[in-house]
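Listed here are the chains, written in short residue letters.
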Amino acid sequence: MSIKKSLMTAGAALSALPMSVLAQNQVNMSPGVTRVGAEIYDLHMLIMIICIVIGIGVFGVMLYSIVYHRKSKGFEPSQFHESTKVEIAWTVVPFLILIGMAVPATSTLLEVYDNDDAELDILVTGHQWKWRYEYLNAEGENVSFFSNLATPQEEIYNSEAKGEHYLLEVDEPLVIPIDTKVRFLITANDVIHSWWVPEIAVKRDAIPGFINEAWSKVDQEGIYRGQCTELCGSYHGFMPIVVHAVTQDEFQGWMSAKRADKAAQVAASSVDLSLDALMSEGEAVYQTQCLACHGAQGEGGVGKAISGSSIAMGDIGVHLDVGIKGVAGTAMQAFGAQLTDVEMAAVITYQRNAFGNNTGDVVQPSDVALHKQG
Amino acid sequence: MGDHHHGPAKGLSRWLFTTNHKDIGTMYLWFSFAMFILGGTFAMIIRAELFQPGMQLVEPGFFNQMTTLHGLVMVFGAIMPSFVGLANWLIPMMIGAPDMALPRMNNWSFWILPPGFLMLASTLFMEGGAPAFGWTFYAPLSTTYAAPSVTFFIFSIHVLGVSSIMGSINIIATIMNMRAPGMTYMKMPLFVWTWFITAFLLVAVMPVLAGAVTMMLMDIHFGTSFFSAAGGGDPVLFQHIFWFFGHPEVYIIILPAFGVVSQVIPAFSRKPLFGYASMVYATAAIAILSFVVWAHHMYTVGMPVAGELFFMYATMLIAVPTGVKVFNWVSTMWRGALSFETPMLFSIGFLVLFTIGGFTGLMLSIAPADFQYHDTYFVVAHFHYVMVAGAVFSMTSAVYFWLPKWTGRMYNETMGKVHFWISFVGFNVTFFPQHFVGLAGMPRRVPDYALQFADFNMMSSIGAFVYGASQILFLYNVIATIVAGERVSDEQVWDGAEGLEWTLPTPPPYHTFEVPPQIEASPAHG
Ligand code: HEM
Ligand SMILES: [Cu+2]
């Protein structure tokens, strides 16, 4: 412990971070807020304790030897070796212990795999580098949205102090009702991702071309955070998951609000906006969607430079095409489905007028809608 | 082989054209140490970036290149060639053979390695950067979405694979054909046995790896869709093929390490290995089982539940022969007359830390629990306990153990012990906290992390710098020994050591056992 303490003091001196936010250091798995999660936790503890007990035995014998059976103490080596009895014992006993472990492991596994009778289905799609959620609904329209990292670049690049949920916060969380068996249908759009929220005990790979199933039934209201756990490219570390578990009433309310929002969006795309309104909305969209690849000053990075770009300063149709359909075979993805027409119009306008591109062009939501129709 | 009793050629041509197992062994060992330093440098960059939350030193894309190259260089460049070097030096001397069975191929299998790694390292300077998809290179991140340098990566994997296959064929041929009269299989030292089994594993799985990268090459350049769902292919197929190679691969890494420890522990316990035959059978059992457990790396891909259960039970079963090995080593120490020279310290370090890695392996084998462990730092901790504290500690033990024999000079014992203690503490400070952050929810292969993981990551980084620095001491000690170590001329070197290599003069002449030794009838294995 004293080593750890002194290292931490040394660390504190070196670090510019406020140590107060680093207070808690969780060292074990969390049982989480589902029955399956609690079972997994019990299984984990059981096996760990068995291992520790065996470890104490093995290391104890070894330590005894190290202390007492030393040449320097004049200990005469015995020459015994081979004993069929002992060897059978230390093969059979571990085997029996393993059977003891396999029984609860099997029953928990079967439960994890019991995807039947879900009351709510949510399609989860991994994209480089964000998640998309779609509530599949038999009556009425599906509700869907993207969930992006909300931590600002300034915090990541250390020019601002890091917030409490640094890297574990999104612009729009997944909302699920408690006491409901929710089934997640998990897939991906580009490379393999993995959707993991430790507290609700779900981890399943999101694989393009496959739809995996997993489920969870959350007991407690709360906010549960997770991350992508399969390496998916440069920003693998920056696509968190946030789940809000709410009461069923609140969930219904949220759902209706989402539907109303969607209707409002459709209406909004027929209204023309001012250049200023488009620019400020566009800047916000740029920062969540484009900045990671195209740079804070439009200078480029993973993607091409926007500043001075022949596309951003050339034909509007081509520019819209790139934004809506992406560029096949590159990291530039199709944003047509992820952004509303208003957002798309705003970000295209922004790119055409920011970073010294001053084209003066204004792209309206109706232009986007028209372009999408072909 | 030309005329007898000649010494080595002079100058560069000695090394370029040599067919001598000792020279080739030496080159393998130095090459692998160079790769160890290179891979270690990548690790230092990784740990420096992870020292604190936030991005400080490198960009996320470059960070991924570092984790990828670190894994590839350590597995294929440092650990595997180091044990091949050891095999070259020791197998002929242990079985009473004059050299390896296929000496010219031996030269070739070494000399294609440096160009292979040069090609891999050169990707760092290519447009789009080095491979950034992890050492497990899952498609389609490594195909459709990879930088153009992936083609060079594929060819370098081919080259390393060819080298390994030739090396293993040579080892198999040597052991089967070149044993001195009276050296029956069940009298071979365990190091020879473990390498014999490892060589079969290599011959079986390296072609599978070659197949996997060739399919990638076809997908990237020739329009096939083995791993692309859009073209009717299957990204999960890649993982099955990779791990069919990958799991036996981890035993390729650890079995020769078992062999080393099985030589060192009896020597410094002054007592025969407790159960020689059961050690041989356990090694074979592990090797056979290693072919049917691969999907324990894929519990979360969405296999049918029957598949999950099969792979879970098979994986749990591996703990039995692994346990047999650990119990055997401990019983060998029991009531021996122990002394703690540097090789013994590293072997005991191996024994303790490898056992911890085996325990976490058992935990990971439990499929439902693995849903929480998979792809977190808990797995990172597990495999560093088995690969660093397992394979690397055992290799270090081997170098200290046989260096006096090879060079006829003694290393500095105090410096060796200091090296052990710094390594042991540095290693644990680095990797033990990774169990905690993994269980608390930190994914692996991320360049940045949430604030609650900060303290343990800082500890890990400090430990890593300490462990890294201790290798400089090792290098210094080895060079100082070769140049100016105190001379040893006693054939035995260590009073408790057993085996034919200890009957040779110290240092051994350039050619040994040109006349096969006579092995007495009594079972005198190590
Ligand atoms: C008792 C013996 C062992 C068992 C039961 C075991 C089990 C496992 C399991 C289940 C995993 C997958 C964890 C996951 O990704 O979620 C794993 C990962 C791994 N193990 Fe072991 N293991 C054992 C010994 C070893 C040994 C001896 C080595 C090598 C020297 C090794 C090297 C690795 C490596 C490299 C990985 C991670 C590969 C990756 O994803 O990058 N393991 N082990
Ligand atoms: Cu494995």
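Residues numbered from 1 in each chain as written. Chains lettered and ligands numbered in written order. Predicted model: local features only at pLDDT ≥ 70, side-chain atom pairs only at ≥ 80, totals over all residues. Heavy atoms only, no water.

S.K.: Just to check I follow, could you spell out the overall build of chain B for this structure?
M.R.: Each helix and strand counted, chain B has 15 helices and 2 strands in total. Relative to the 2.2 N^0.38 estimate, which gives 24 Å for 526 residues, the radius of gyration of chain B is 23 Å and therefore close to what a compact globule would have. Taking the principal axes of its C-alpha atoms as reference, chain B extends roughly 65 × 50 × 45 Å. Per-residue burial for chain B yields a buried fraction of 68% across its 526 residues. Of all intrachain contacts in chain B linking residues separated by at least 6 positions in sequence, the fraction that spans at least 24 positions is 82%. (Helix = DSSP H or I, 4+ residues; strand = E, 2+ residues; numbered from the N terminus. Rg over C-alpha atoms; globule rule 2.2 N^0.38 Å. Buried < 20%, exposed > 50% of the residue type's maximum accessible area, 1.4 Å probe, protein only. Contact = heavy atoms within 4.5 Å.)

S.K.: For this particular structure, what's the right way to read the overall build of chain A?
M.R.: Looking only at helices and strands, chain A has 9 helices and 10 strands in total. By the compact-globule yardstick of 21 Å for 374 residues, chain A is too spread out, its C-alpha radius of gyration being 28 Å. Referenced to the eigenvectors of the C-alpha coordinate spread, the extents of chain A come out at roughly 95 × 50 × 40 Å. Taking all 374 residues of chain A together, 48% fall into the buried category. The long-range fraction of contacts in chain A, counting pairs at least 24 apart against all pairs at least 6 apart in sequence, stands at 63%. Between the centroid of the 23 positive side chains of chain A and the centroid of its 43 negative side chains there is a distance of 10 Å. (Lys, Arg positive; Asp, Glu negative; His and termini not counted. Charge placed at Lys NZ, Arg CZ, Asp CG, Glu CD.)

S.K.: What am I meant to see in the coordination of the iron atom of ligand 1 here?
M.R.: Reference geometry at the metal: tetrahedral coordination by four donors gives ideal angles of 109.5 degrees; octahedral coordination by six donors gives 90 or 180 degrees. All names here are of chain B. The sole protein-derived ligand of the iron atom of ligand 1 is H382 (NE2), positioned 2.2 Å away. Distance-wise, the copper ion (ligand 2) is placed 4.6 Å from the iron atom of ligand 1. You can see H382 is positioned in helix α13 (residues 377-407). (Donors = N, O, S within 2.8 Å, 3.2 Å for Na, K, Ca; no water.)

S.K.: Teacher, can you tell me more about the interface of chain A and chain B here?
M.R.: Contact residues are listed per partner, giving 98 residues for chain A and 103 residues for chain B. Three residues stand out in chain A for area buried against chain B, namely A:F80, A:W90 and A:L231, and they jointly supply 8% of the buried area on that side. Counting across the interface, chain A meets chain B through 0 salt bridges. The tally of links between chain A and chain B comes to 26 residue pairs in polar contact (both at pLDDT 80 or more). Those elements giving two or more residues to the side of chain A that touches chain B turn out to be α1 (2-14), α2 (35-68), α3 (84-112), β7 (202-206) and β9 (222-228) of chain A. (Buried area = accessible area lost by both parts, 1.4 Å probe. Salt bridge = Lys/Arg side-chain N within 4 Å of Asp/Glu carboxyl O. Polar contact = N/O pair within 3.5 Å; in protein donor to acceptor, adjacent residues only side chain to side chain.)

S.K.: When you look at empty space enclosed by the protein in this model, what are you seeing that I'm missing?
M.R.: Regions of empty space are outlined by a rolling probe, equal in size to a water molecule, passed over the atoms. All names here are of chain B. Counted by the stated rule, this structure contains 2 cavities of 30 Å³ or more. One number sums up the size of the largest cavity: a volume of about 160 Å³. What lines the largest cavity is a set of 20 residues, and nearest its centre among them are M80, P81, V84, S164 and L202. For the lining of the largest cavity, the secondary-structure elements that each account for two or more residues are α3 (60-95), α6 (150-177), α7 (190-221) and α8 (235-269). Tallied by class, residues from the lining of the largest cavity come to 15 nonpolar, 5 polar and no charged. (1 Å grid on protein atoms, 1.4 Å probe; cavity = no way out; pocket = protein on both sides within 12 Å on 5 of 7 lines; lining within 4 Å. Points joined across faces, edges and corners; volume = space filled by probe spheres on them. Nonpolar A, V, L, I, M, F, W, Y, C, P; charged D, E, K, R; others polar.)

S.K.: What is the right way to read the sheet that holds strand β2 (residues 130-136) of chain A from this model?
M.R.: Two pairing modes exist for strands in a sheet, parallel and antiparallel, and in both the strands are linked by backbone hydrogen bonds. Residue and element names in this part refer to chain A. Spatially, 5 strands are ordered β3-β2-β1-β5-β8 in an open sheet, and the strand pairing comes out mixed. Taken across any chain shown, the strands that pair with only one partner, and hence form the sheet edges, are β3 (143-147) and β8 (212-217). Along the sheet, successive strands turn relative to each other by an average axial angle of 25 degrees, direction set aside. With 7 bridges joining them, strand β1 (residues 120-127) and β2 adopt antiparallel strand pairing. Across the sheet, H127 pairs through a bridge with K130, a residue of β2. (Pairing = 2+ DSSP bridges. Axes fitted to C-alpha atoms, helices over the stretch in contact; angles between N-to-C directions.)

S.K.: Sorry if this is basic, but what is going on with the site of ligand 1 here?
M.R.: All names here are of chain B. Close to ligand 1 lie 23 residues, the nearest being W135, D370, H374, H382 and R444. At a separation of 2.8 Å, an oxygen atom of ligand 1 approaches a polar side-chain atom of H374. Between an oxygen atom of ligand 1 and a side-chain N or O atom of R444, the distance comes to 2.9 Å. Taken together, the elements giving at least two residues each to the shell around ligand 1 come down to α8, α11 (342-365) and α13. Here the shell around ligand 1 takes 6 residues from α11, the largest share from any one element. For the shell around ligand 1, a count of residues per class yields 12 nonpolar, 9 polar and 2 charged. (Near = heavy atom within 4 Å.)

S.K.: How should I be thinking about the coordination of the copper ion (ligand 2) in this particular structure?
M.R.: The protein atoms that coordinate the copper ion (ligand 2) are B:H247 (ND1), B:H296 (NE2) and B:H297 (NE2), at distances spanning 1.8 to 2.1 Å. For the copper ion (ligand 2), the donor residues sit on a single chain with the sequence spacing H-x48-H-H.

S.K.: Could you clarify how one ought to interpret the nonpolar core in this entry?
M.R.: A general feature of soluble globular proteins is that nonpolar side chains tend to end up buried together. Counting 259 residues, the largest nonpolar core has A:Y135, A:W195 and B:F76 as the members making the most contacts within it. The dominant element in this core, judged by the number of residues it contributes, is α3(B), at 21 residues. For B:F76, the residues in contact, after removing those within four places along its chain, are B:P81, B:F117, B:I157, B:L160, B:M206, B:L209, B:F245 and B:E249. Counting residues in each nonpolar core, the second largest holds 22 residues, with A:C290, A:F335, A:L339 and A:Y350 among its members. (Core = buried A, V, L, I, M, F, W, Y, C linked by side-chain atoms within 4.5 Å.)

S.K.: Would you take a moment to explain the sheet that holds β7(A) for this structure?
M.R.: Residue and element names in this part refer to chain A. The 5 strands are arranged β4-β10-β9-β6-β7 in an open sheet whose pairing can be described as mixed. The open sheet terminates on both sides in strands that have one partner only, identified here as β4 (174-177) and β7. Neighbouring strand axes in the sheet, compared pairwise and without regard to direction, differ in orientation by 25 degrees on average. In terms of strand pairing, β9 meets strand β10 (residues 240-246) through 6 bridges, oriented antiparallel. Bridge pairing in β10 links R225 to V242.

S.K.: Where do I start with a nonpolar patch on the surface in this structure?
M.R.: Together, A:I88, A:V92, A:F95, A:L96, A:I99, A:V103 and B:L317 make up an exposed nonpolar region whose accessible area comes to about 600 Å². Among the elements that make up the nonpolar patch, the one with the highest residue count is α3(A) (6 residues). Structurally, the position occupied by B:L317 is in helix α10 (residues 305-333). We classify B:L317 as partly exposed; its relative accessible area is 32%. (Patch = residues over 30% accessible without salt bridge, like charges linked within 9 Å, V, L, I, M, F, W, Y side chains within 5 Å. Areas by Shrake-Rupley, 256 points an atom, 1.4 Å probe, with all protein chains shown as cover.)

S.K.: How should the pattern of salt bridges be read in this particular structure?
M.R.: Think of it this way: side chains of opposite charge can pair up when their charged atoms draw near. Residues and elements named next belong to chain A. Enumeration according to the criterion identifies 12 salt bridges over all chains in this entry. The salt bridge involving R183 is made with D121; its shortest N-O contact spans 2.8 Å. Highlighted residues: R183 in strand β5 (residues 181-188) and D121 in strand β1, separated in sequence by 62 residues. Across this residue pair, the class does not change: R183 and D121 are buried.

S.K.: What exactly am I supposed to notice about the domain arrangement of chain A here?
M.R.: Residues and elements named next belong to chain A. Under the domain assignment, chain A is made up of domain 1 (31-72 + 81-114), domain 2 (120-266) and domain 3 (272-372). One C-alpha centre belongs to domain 2, the other to domain 3; they are set 25 Å apart. With 9 residues of domain 2 at the contact, the number on the domain 3 side is 10 residues. Summing both sides of the interface, domain 2 and domain 3 together bury roughly 870 Å²; the carbon and sulfur share of this comes to 54%. The largest share of the area that domain 2 buries against domain 3 comes from K130, F146 and Y235, three residues that together contribute 40% of it. (Domains from an automatic or database assignment.)

S.K.: Would you take a moment to explain the packing of α10(B) against α11(B) for this structure?
M.R.: Residue and element names in this part refer to chain B. Between α10 and α11, whose axes approach to 10 Å, the crossing angle comes to 160 degrees. As far as their axial angle goes, α11 and α10 are roughly antiparallel. In this structure, α10 meets α11 at a crossing whose hand is left-handed. In this structure, α10 contributes M312, T315, M316, A319, T322, V326, W329, V330 and M333 to the contact, and α11 contributes M344, I348, F350, L351, F354, T355, L362 and S365. When grouped by side-chain class, the residues that make up the contact of α10 with α11 number 13 nonpolar, 4 polar and no charged. (Parallel < 35°, antiparallel > 145°, perpendicular 65-115°, else oblique. Left-handed = near helix turned anticlockwise from the far one by under 90°.)

S.K.: Would you take a moment to explain the state of the cysteines for this structure?
M.R.: What we call a disulfide is simply a covalent bond connecting the sulfur atoms of a pair of cysteines. Residue and element names in this part refer to chain A. Following the criterion strictly, the structure yields 0 disulfides over all chains and no others. Of all cysteine sulfurs, the one in C293 lies closest to C290, which takes part in no disulfide; the gap is 8.9 Å. Take C290: its relative accessible area is 11%, and that puts it in the buried class. For C293, a relative accessible area of 14% gives the class buried. (Disulfide = S-S within 2.5 Å.)

S.K.: Before we go on, may I ask you to explain the packing of aromatic side chains in this structure?
M.R.: For any pair of aromatic rings, geometry is given as the distance between the ring centres together with the angle between the planes. Counting across every chain of the model gives 74 aromatic pairs over all chains. Measuring from centroid to centroid gives 6.1 Å for B:F238 and B:F242, while their planes differ by 20 degrees, and the two rings are stacked. Here B:F242 and B:F238 lie together in helix α8, a separation of 4 residues that amounts to about one turn. B:F242 shares its class with B:F238; the two are buried. Just above the ring of A:F145 sits the side chain of A:K258; from NZ or CZ to the centre is 4.6 Å. In this structure, B:R179 packs its charged tip against the face of B:Y185, placed 3.9 Å from the ring centre. (Phe/Tyr/Trp six-rings, centres within 6.5 Å; stacked < 30°, edge-to-face > 60°. Lys NZ or Arg CZ within 6 Å of the ring centre and 35° of its normal.)

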